[in-house]
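Working through the structure, step by step
Listed below, chain by chain, are the residues.
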Amino acid sequence: MPRQAHLWRGVIEEYREWLPVTPQTPVISLGEGGTPLVHSGWLSGIVHGDVWLKVEGNNPTGSFKDRGMTAAISVACGEGAKAVVCASTGNTSASMTAYAAHAGLTPIVLVPHGKIAAGKMAQAVMCGATVIQLNGGFDQCLQVARDLADQYPVALVNSVNPVRIQGQKTASFEIVDVLGEAPDLHVLPVGNAGNISAYWLGYREYAEAGISQNTPAMWGFQAEGAAPFVLGHPIEHPETLATAIRIGNPASWHLAVAARDDSAGRIHAVTDQQILSAQRELASREGVFVEPASAAGVAGLLNSAAEVERGATVVITVTGHGLKDTETALSGVDSIVDSVIEPDVHAAAQVAGLV
Ligand code: AN7
């Protein structure tokens, strides 16, 4: 008898009863979810607790967006959609395009001109999207996407589509399923604010069902130049090198404020410098290479380490893969190659410091 393989079936099949799907809904999945929870000895030492990284870059298109997208595209397909549209800072478009391709739908993406990491752009292009670059930021892209969906036969799959949030909440379920209880504190970056809202929803649903006894405090972190929640109002011209979270007017404003306040949490800002430094340290200390936006939560935890209760269990969602934006990652590095030598073992040993 061959050994039974334990194949993860994607978030719809793994959490079907928690999601707005019916037996008739076609399941459009690329095997998303089931992402690693990696213990960080480095961060655990700093906060004097247990810190786990929920590594969402391991999803099929390299970001957490795939959880919501499998749900949104499946439901859109079930409703007979032929074309789908989203506004994006890059990851939503990469994800939507992949799921649309898999489902045979026509993908249309609206992105801020010149502000998308090359890897994300390549993903959308390779999967056959019509990529429209707009002279404006994400917030203007979202307005046009909404108007397109209102006036033309195309389904909107941004996180203003509630099915997206439903799919994304499965990350909380996985965390509780693996740890056996909700963490004391959940840390994550905040941009359009769908993810913090989704995590909070997932934690609450598990607590209400008695699967967990507690819900965590939700700590969100924004880039300083794109921190509307910290300022308390939308901003016109968000700026940060973490382009994924370069958003001034988050769509899920009320849900995110509720997540923050109902969980006794916070949404604070971190500087671009702190983001880059956290990104670098996370890669070199833990081997987890994330994109800049994804390091915002790590930077935030480092800033606030003294306020974490001793012995706390902390989960940080690192939202997207480092390979999406190698240009920004390497921008802070003086030289990519340490040495160029002739093919000679002694020369190699010398520059490697082995002799
Ligand atoms: C890596 O792709 O908004 O607060 O259009 O790509 O749920 O918006 C991406 C957001 C964090 C913020 N980390 O999450 C988009 C987009 C990464 C991201 C966020 C994004 P939300």
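See above for the structure.
First, a word on what this report is: a plain description of the structure on this page. (Residues numbered from 1 in each chain as written. Predicted model: local features only at pLDDT ≥ 70, side-chain atom pairs only at ≥ 80, totals over all residues. Heavy atoms only, no water.)

1. Concerning the overall build of the protein
Applicable threshold: Helix and strand labels come from DSSP, where a helix needs a run of H or I of at least four residues and a strand needs a run of E of at least two; each type is numbered from the N terminus. The globule rule used here is 2.2 Å times the number of residues to the 0.38 power, and the radius of gyration it is set against is calculated over C-alpha atoms. Residue exposure (1.4 Å probe, protein chains only): buried if accessible area is under 20% of the type maximum, exposed if over 50%, otherwise partly exposed. Residues are treated as being in contact if the distance between any of their heavy atoms lies within 4.5 Å. Where accessible areas are quoted, they stem from the Shrake-Rupley method and a 1.4 Å probe; at the residue level, only the protein chains shown are allowed to cover.
Counting its regular elements, the protein contains 15 helices and 10 strands. Its C-alpha atoms give the protein a radius of gyration of 20 Å, near enough to 20 Å, the size a compact globule of 355 residues would have. Its C-alpha atoms give the protein principal-axis dimensions of about 65 × 60 × 45 Å. Going through the 355 residues of the protein one by one, you find that 54% of them count as buried. Counted over contacts in the protein with a minimum sequence separation of 6, partners at least 24 positions apart contribute 69%. Here the protein displays about 15,500 Å² of accessible surface, and carbon together with sulfur accounts for 52% of that area.

2. Observations regarding empty space enclosed by the protein
Put simply, the test is: Think of a 1 Å grid over the protein atoms and nothing else: a 1.4 Å probe that fits but is trapped marks a cavity, an open set flanked by protein within 12 Å on at least five of seven lines marks a pocket, and residues with an atom within 4 Å of a point count as lining. Grid points are joined across faces, edges and corners, and a volume is the space filled by probe spheres set on the points.
This model, assessed by the stated rule, comprises one cavity of 30 Å³ or more. The calculated volume of the largest cavity comes to roughly 310 Å³. Along its surface, the largest cavity is lined by 27 residues, and F64, K65, G191, N192 and A244 are the ones closest to its centre. Only α4 (91-103), α7 (162-168) and α9 (194-208) provide two or more residues apiece to the lining of the largest cavity.

3. Focus on the site of the ligand
Where we set the bar: Whether a residue is near a molecule or strand depends on its heavy atoms: if one lies within 4 Å, it is near. For the purposes of these results, a polar contact is taken to be a pair of N or O atoms within 3.5 Å, where, inside protein, one atom must be able to donate a hydrogen and its partner to accept one; residues adjacent in sequence count only when each atom of the pair is a side-chain atom. By definition, a pocket or cavity contains a molecule when more than half of the molecule's atoms lie within 2 Å of the pocket's grid points. Three classes are used, and their members are as follows: Ala, Val, Leu, Ile, Met, Phe, Trp, Tyr, Cys and Pro are nonpolar, Asp, Glu, Lys and Arg are charged, and the others, Gly among them, are polar.
As a matter of local geometry, the ligand sits amid 23 residues, with N91, T92, N192, A193 and T319 nearest to it. T89 places a polar main-chain atom, nitrogen or oxygen, 2.8 Å from an oxygen atom of the ligand. Here an oxygen atom of the ligand and a backbone polar atom of N195 are 2.8 Å apart. For the ligand, the cavity whose grid points lie within 2 Å of the majority of its atoms is the largest cavity. Class assignment of the residues belonging to the shell around the ligand gives a composition of 10 nonpolar, 11 polar and two charged.

4. Some thoughts on the environment of D66
By the element assignment, D66 lies in helix α3 (residues 65-78). For the pair formed by D66 and N91, sequence separation is 25 residues and the distance between their alpha carbons is 9.0 Å. Contact partners of D66, with chain neighbours within four places excluded, come to E32, N59, P60, T61, S95 and Y99.

5. A closer look at the state of the cysteines
Heads up, the condition is: Criterion for a disulfide: a pair of cysteine sulfur atoms within 2.5 Å.
The full count for this structure, using the stated rule, is zero disulfides. A disulfide-free cysteine, C77 has its sulfur positioned 15 Å from the sulfur of C127, the nearest such atom. C86 provides the cysteine sulfur closest to C141, a residue in no disulfide bond, and the two sulfurs are 9.5 Å apart.

6. With respect to the layout of surface pockets
By volume, the largest pocket amounts to about 170 Å³. Lining the largest pocket, in full, are H113, K115, G136, G137, D139, Q140, E236, H237, P238, E239 and R246.

7. Some remarks on the pairing of strand β8 (residues 217-223)
Where we set the bar: Note: two strands are recorded as paired if DSSP finds a minimum of 2 bridges between them. Note on handedness: a clockwise path from strand one over the helix to strand two, with the strands aimed away from the viewer, defines a right-handed crossover.
Counting buried positions along β8 gives seven out of seven residues, so the element sits mostly inside the fold. Pairing between strand β7 (residues 185-189) and β8: five bridges, direction parallel. Bridge pairing in β8 links H186 to M218. In the classification by handedness, the crossover that spans β7, the intervening α9 and the parallel β8 is right-handed. Across five bridges, the pairing between β8 and strand β9 (residues 266-270) is parallel. Looking at the pairing, G220 lines up with I267 of β9.

8. Digging into a nonpolar patch on the surface
Counted only if it meets this: Each patch is built from salt-bridge-free residues with over 30% relative accessible area, joining like charges within 9 Å and nonpolar side chains (Val, Leu, Ile, Met, Phe, Trp, Tyr) within 5 Å. For salt bridges, the criterion is a side-chain nitrogen of Lys or Arg within 4 Å of an Asp or Glu carboxyl oxygen.
The grouping of L330, I336, V337 and V340 at the surface amounts to a nonpolar patch, some 430 Å² of accessible area in total. Turning to its location among the elements, V337 is positioned in the loop between α14 (326-331) and α15 (345-351).

9. Regarding the sheet that holds strand β2 (residues 50-55)
The pairing of strands in a sheet comes from backbone hydrogen bonds and takes either a parallel or an antiparallel form. So the rule is basically this: Under this scheme, a helix contributes an axis fitted over its contacting stretch, all axes are lines through C-alpha atoms, and angles between N-to-C directions fall in the 0 to 180 degree range.
With respect to topology, six strands assemble into an open sheet ordered β1-β2-β10-β7-β8-β9, the strand pairing being mixed. Strands at the two margins of the open sheet, each flanked by one partner only, are β1 (37-39) and β9. The sheet shows a mean angle of 25° between the axes of neighbouring strands, direction not considered. Along the sheet, helix α12 (residues 272-286) makes contact with β1, β2, β8, β9 and β10 (313-318), crossing β9 at roughly 95°.

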